[in-house]
Amino acid sequence: MEAFGAAGHEVTGLDLRGTPDGTTGDIRAPEALDGPLAGADLVVHQAAKVGLGVDVADLPDYASVNVYGTAVLLAAMARHGVGRLVLASSMVVYGEGAYDCGEHGRVRPGPRTAQDLSGGVFEPRCPVCGAELTSATISEDAPPDPRSVYASTKLAQEHLAANWARETGGTVVALRYHNVYGPRMPRDTPYSGVAAIFRSALEAGRAPRVFEDGLQRRDFVHVRDVARANLAAAEARTPPGALAAYNIASGEPHTIGEMARALAAERGGPEPVVTGEYRLGDVRHVVASPAHAARDLHFHATIGFTEGMKEFATTPLA
Ligand code: UD1
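On a predicted model such as this, the values are computed, not experimentally measured, just so you know.

(A) The overall build of the chain, seen in detail. A tally of helices and strands in the chain yields ten helices and 15 strands. C-alpha atoms of the chain, sized along the principal axes, occupy 55 × 45 × 40 Å. Taken over 318 residues, the chain has a buried fraction of 44%. Sequence separation of at least 24 residues holds for 81% of the intrachain contacts in the chain that already meet a minimum separation of 6. Split by element, the accessible area of the chain, about 14,700 Å² in all, is 54% carbon and sulfur.

(B) Focus on the sheet that holds strand β6 (residues 105–107). One open sheet holds the three strands; their spatial order is β6-β5-β7, and the pairing between them is antiparallel. What marks the edges here is a single partner per strand, and that holds for β6 and β7 (134–136). Strand after strand, the sheet turns through a mean of 40° between neighbouring axes, direction not considered. Relative to β7, strand β5 (residues 98–101) is paired through three bridges, and the arrangement is antiparallel. Within the sheet, the bridge partner assigned to Y99 lies in β7 and is S135.

(C) A nonpolar patch on the surface, seen in detail. Together, V56, L59 and V149 make up an exposed nonpolar region whose accessible area comes to about 240 Å². Using a relative accessible area of 31% as the deciding quantity, one classes V149 as partly exposed.

(D) Fine view of the sheet that holds strand β4 (residues 84–90). What the four strands build is an open sheet, ordered β3-β4-β8-β13; its pairing is parallel. Across the chains shown, the open sheet's two edge strands, defined by having one partner strand only, are β3 (43–45) and β13 (243–248). Between one strand axis and the next, the sheet turns through 20° on average, direction left out of account. Here β4 runs beside strand β8 (residues 171–177); their pairing, made up of seven bridges, is parallel. Looking at β8, one finds that L87 is bridged to A174. Along the sheet, helix α5 (residues 149–168) makes contact with β3, β4, β8 and β13, crossing β4 at roughly 160°. Where helix α7 (residues 223–235) meets the sheet, its contacts fall on β3, β4, β8 and β13, and the angle it forms with β8 comes to roughly 160°.

(E) The site of the ligand, seen in detail. If you check the shell around the ligand, you find 23 residues, and the closest are S90, H178, N179, F211 and D282. In this structure, N179 approaches the ligand through a side-chain N or O atom, which is 2.6 Å from an oxygen atom. Taking V194, its main chain carries an N or O atom lying 2.8 Å from an oxygen atom of the ligand. For the ligand, whose unbound accessible area comes to 730 Å², protein coverage reaches 92%. If you list the elements that add at least two residues to the shell around the ligand, you get α6 (194–203) and β10 (209–210).

(F) Molecular detail of unusual backbone geometry. G269 connects to P270 through a cis peptide bond whose omega is -5°. With respect to the helices and strands, the residue P270 is situated in the loop between α8 (256–267) and β15 (273–274). Notably, R184 is not glycine yet its phi reads approximately 70°, a positive angle. By relative accessible area, which is 58% here, R184 ends up exposed. Its identity is not glycine, yet E212 carries a phi of approximately 55°, on the positive side. Topologically, E212 is positioned in the loop between β10 and β11 (217–218).

(G) Up close: the pattern of salt bridges. Applying the stated criterion across every chain, the model contains 20 salt bridges. In this structure, R187 engages E203 in a salt bridge whose closest nitrogen and oxygen atoms are separated by 2.8 Å. Here the residue R187 occupies a position in the loop between β9 (179–181) and α6, and E203 occupies one in helix α6, the gap between them amounting to 16 residues. Given a relative accessible area of 36%, R187 falls into the partly exposed group. The closest approach of N and O atoms between D213 and R284, which form a salt bridge, is 3.0 Å. Highlighted residues: D213 in the loop between β10 and β11 and R284 in the loop between β15 and α9 (291–297), separated in sequence by 71 residues.

(H) Region of the structure containing the packing of helix α2 (residues 30–37) against helix α3 (residues 59–80). Axis separation between α2 and α3 bottoms out at 10 Å; the angle between their running directions is 45°. As far as their axial angle goes, α3 and α2 are oblique. Handedness of the α2/α3 crossing: right-handed. Touching P30, L33, D34 and L37 of α2 are V72, L73, A76, M77, R79 and H80, all from α3.

(I) Structural detail: the nonpolar core. With 20 residues, the main nonpolar core has L175, Y246, I248, L297 and F299 as its most contacted residues. Residue assignment for this core shows that the elements contributing at least two residues are β4, β8, α7, β13 and α9. The greatest single-element share of this core, amounting to six residues, is contributed by α7. Each residue touching Y246, except ones within four places of it in the same chain, is listed here: E140, V173, A174, L175, R176, T238, H292, A293, D296 and L297.

What counts and what doesn't
Residues numbered from 1 in each chain as written. Predicted model: local features only at pLDDT ≥ 70, side-chain atom pairs only at ≥ 80, totals over all residues. Heavy atoms only, no water. Helix = DSSP H or I, 4+ residues; strand = E, 2+ residues; numbered from the N terminus. Buried < 20%, exposed > 50% of the residue type's maximum accessible area, 1.4 Å probe, protein only. Contact = heavy atoms within 4.5 Å. Areas by Shrake-Rupley, 256 points an atom, 1.4 Å probe, with all protein chains shown as cover. Pairing = 2+ DSSP bridges. Axes fitted to C-alpha atoms, helices over the stretch in contact; angles between N-to-C directions. Patch = residues over 30% accessible without salt bridge, like charges linked within 9 Å, V, L, I, M, F, W, Y side chains within 5 Å. Salt bridge = Lys/Arg side-chain N within 4 Å of Asp/Glu carboxyl O. Near = heavy atom within 4 Å. Polar contact = N/O pair within 3.5 Å; in protein donor to acceptor, adjacent residues only side chain to side chain. Parallel < 35°, antiparallel > 145°, perpendicular 65-115°, else oblique. Left-handed = near helix turned anticlockwise from the far one by under 90°. Core = buried A, V, L, I, M, F, W, Y, C linked by side-chain atoms within 4.5 Å.

Right, here's the structure in full:
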């Protein structure tokens, strides 16, 4: 909201917990949407339940907030004649990132087995010959392979938005966020991303616990860059009637171990511990190409890993 306001847009927020210059409300309640949508020409939809969750008991809540909530929003947009949507999607729709096998070229490995993971074999293997693979950048045309309830609901949001665009002639830009971090990130909860978990641990004087061997790679993208990507998507002229999806990434991947060490070093310890623990729902490497967002949205991340983590190490969390 701050980035849009600074760029001269008139913005109304709707948030379950309230926003400083917006309204408090639930996107699942059609009447909560009527005020904010009246006279609007664009919706930036960020409302979602995120994370891996605790267990399957979370399933109805993910589906309700993320899938049903999006359906209610899209219907309300049609009712109010609002034809443009920017949707916060996620790299989780890909499942594992892209991999190359020396023998079989580009492959998409399936979920890692509990047996491999508990034996310390963390790298996925070639689904054809079982050989070791090299991780490669994934681009938006990769077939989706959601591996968690959250991932399935994010993909469902994209599908519903694409259906809505076809039926109404609306435009949708889906931003597939990579690992977002930065000021006001929610603290350590079962639904938090790893950067917030490590940051909360360090603040409490505890060592960050790095799972697997710490060499799993992600692309950490700063929240101010993500805000700029939303603005770029809102101002881009994408074709109506279909969904256009873009990776929103820094293009500069790092390992989880590196991230833990960068935060710990900035705070003067404690040093991270590599535990070898694993979570069955985790993927190994997700590294994206930001080329399409650069080409079509003119979006380039501006906050590098070193600078961003240095700030994040001491910035207040929400
Ligand atoms: C994260 C978000 C997801 C979001 C996506 C893209 C969560 C839980 N996940 O997915 O919602 O859509 O980025 O923005 O918010 N790890 C540790 N120690 C810990 C916790 C995690 O080493 O205490 C490791 C995990 O094993 C994994 C990596 O950190 O290898 C990333 O974990 P996490 O941030 O939870 O999930 P992502 O899959 O990256």
